[in-house]
Amino acid sequence: MSLRVIIWNEHRHELKNETVRALYPQALHGAIADGLREHGDFDITIATLDEPCNGLSEERLANTDVLIWWGHTAHKEVLDDTVDRVQQRVLDGMGLVVLHSGHHSKIFRRLMGTTANLKWRESTDKERIWIVSPNHPICEGLPEYFEIEREEMYGEHFDIPDPDELVMVSWFTGGEIFRSGLCYHRGRGRIFYFRPGHETYPTYHHPVVRKVIANAVSWARPLCNGPRPVYGLGFWNKPLEPLPAE
Ligand code: ZN
């Protein structure tokens, strides 16, 4: 069965900004979906902020293997109930791939427990992304480094917990560096944060960026063969074996 992927996009810049619309006539989520289709047999659907339940009902999340998140200008409008549902589903095993300005999304901050603050500049920087874990599954088929001719700069320090695996590091023309490919485990779920993807640059048409996102979706898929722990007292109030008499 192909992996069931939701691409969640706040879908605001495309409606307001002609530059973004020209770069992404099918919206950011359309370009991200096209990139996935180049690399695998994914069952892709789209969800956006303005749909009921932000497009992420309990039932829909229950039938999703990996959620991709692109948000920027409307993080505060994401309902807290939505954040609760997504967090629970990640802890239960759904993969989450957070792109670019999603670093400040409610869900990423919730799962990290930090501000996820960083330095930034929207200018004429080139970004050079180095692979620092060449044997990681997300790096399958990638070159040792790749360049994005124009991108927004994100600079360290990035206020995040130390990642479980650091996969990529970015360098920018202005001299800054940034941890740009990060893996986390939360509960039964896996999270990948990937830095590039500012809306006024054609980043989601970049062939290597597309490959990274496809690899990340495959890596973050649920591993359904592990036990699902039963927490609390209810079940465990009855011992597995008889206890000695007091
Ligand atoms: Zn940006």
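About the cut-offs
- Residues numbered from 1 in each chain as written.
- Predicted model: local features only at pLDDT ≥ 70, side-chain atom pairs only at ≥ 80, totals over all residues.
- Helix = DSSP H or I, 4+ residues; strand = E, 2+ residues; numbered from the N terminus.
- Rg over C-alpha atoms; globule rule 2.2 N^0.38 Å.
- Buried ≥ 20, exposed ≤ 12 C-beta atoms within 10 Å, placed from the backbone.
- Contact = placed C-beta atoms within 7 Å.
- Axes fitted to C-alpha atoms, helices over the stretch in contact; angles between N-to-C directions.
- Parallel < 35°, antiparallel > 145°, perpendicular 65-115°, else oblique.
- Nonpolar A, V, L, I, M, F, W, Y, C, P; charged D, E, K, R; others polar.
- Core = buried A, V, L, I, M, F, W, Y, C linked by C-beta atoms within 7 Å.
- Pairing = 2+ DSSP bridges.

Asker: Could you clarify how one ought to interpret the overall build of the protein in this entry?
Answerer: Within the protein, the regular secondary structure consists of seven helices and 11 strands. Whereas a compact globule of 246 residues would reach a radius of gyration of roughly 18 Å, the protein reaches 19 Å, a difference of no more than 12%. Split into buried and exposed, the 246 residues of the protein put 41% on the buried side. In the protein, the share of contacts with a sequence separation of at least 24, taken over all contacts with a separation of at least 6, comes to 72%.

Asker: Is there a simple way to think about the environment of Phe146 in this case?
Answerer: Among the secondary structure elements, Phe146 is positioned in strand S7 (residues 145-148). Looking at Phe146, the number of C-beta atoms within 10 Å reads 19, which means it is partly exposed. It is 27 Å that separates the C-alpha atoms of Phe146 and Met112, two residues lying 34 residues apart in sequence. Leave out the neighbours within four places in its chain, and Phe146 touches Ile129 and Val208.

Asker: Looking at this structure, I do not really get the packing of helix H3 (residues 27-37) against helix H7 (residues 207-220). What am I missing?
Answerer: Two packed helices can be described by the angle between their axes and the distance between those axes. Two elements in contact, H3 and H7, have axes separated by 8 Å at closest approach and are oriented at 75 degrees. With respect to each other, H3 and H7 are oriented roughly perpendicular. Only Arg210, Ile213, Ala214 and Val217 of H7 make contact with H3, whose side of the interface consists of Ile32, Gly35 and Leu36. Of the residues in the contact of H3 with H7, the class split is five nonpolar, one polar and one charged.

Asker: What is the right way to look at unusual backbone geometry in this model?
Answerer: Excluding glycine, a negative phi dihedral is what most residues carry, and trans is how most peptide bonds are arranged. The step from Glu156 to His157 runs through a cis peptide bond, and the omega angle for that step is 15 degrees. Tracing the backbone through its elements, the reader meets His157 in the loop between strand S8 (153-155) and strand S9 (165-172). The backbone of His11 sits at a positive phi, close to 60 degrees, despite the residue not being glycine. If you trace the backbone, His11 turns up in the loop between strand S1 (4-9) and helix H1 (13-16). Residue class for His11 comes out buried when judged on the 20 C-beta atoms lying within 10 Å of it. Even without being a glycine, Ala116 presents a positive backbone phi close to 60 degrees.

Asker: How should the nonpolar core be read in this particular structure?
Answerer: Proteins that are soluble and globular tend to have nonpolar side chains buried together. One finds Ile68, Trp69, Val97, Phe192, Ile213 and Ala216 to be the most contacted residues of the largest nonpolar core, which totals 57 residues. Residue contacts for Phe192: discarding those within four places in its chain leaves Val97, Ile138, Leu182, Cys183, Ala216, Trp219 and Ala220.

Asker: Any chance you could explain H3 here in plain terms?
Answerer: Each α-helix turn comprises 3.6 residues. Residues three or four places apart therefore point the same way. Burial in H3 covers these residues: Ala27, Leu28, His29, Ala31, Ile32, Ala33 and Leu36. Buried residues in H3 make contact with S1, H1, strand S2 (43-48), strand S3 (66-70) and H7.

Asker: Just to check I follow, could you spell out the sheet that holds S7 for this structure?
Answerer: Backbone-to-backbone hydrogen bonds pair the strands of a sheet. The strands run either parallel or antiparallel. Reading across from one edge, S2-S1-S3-S4-S11-S10-S9-S6-S7 is the order of the nine strands in this open sheet, with mixed pairing throughout. A single partner strand is all that each edge strand has here, and the edge strands are S2 and S7. Strand-to-strand twist in this sheet, taken as the mean axis angle between neighbours without regard to direction, amounts to 20 degrees. Here four bridges tie strand S4 (residues 95-99) to strand S11 (residues 189-194), and the two strands are oriented parallel to one another. Paired with Val98 across the two strands is Tyr193, which belongs to S11. Helix-sheet contacts for H7 involve S1, S3, S4, S7 and S11, and the interaxial angle to S11 is about 165 degrees.

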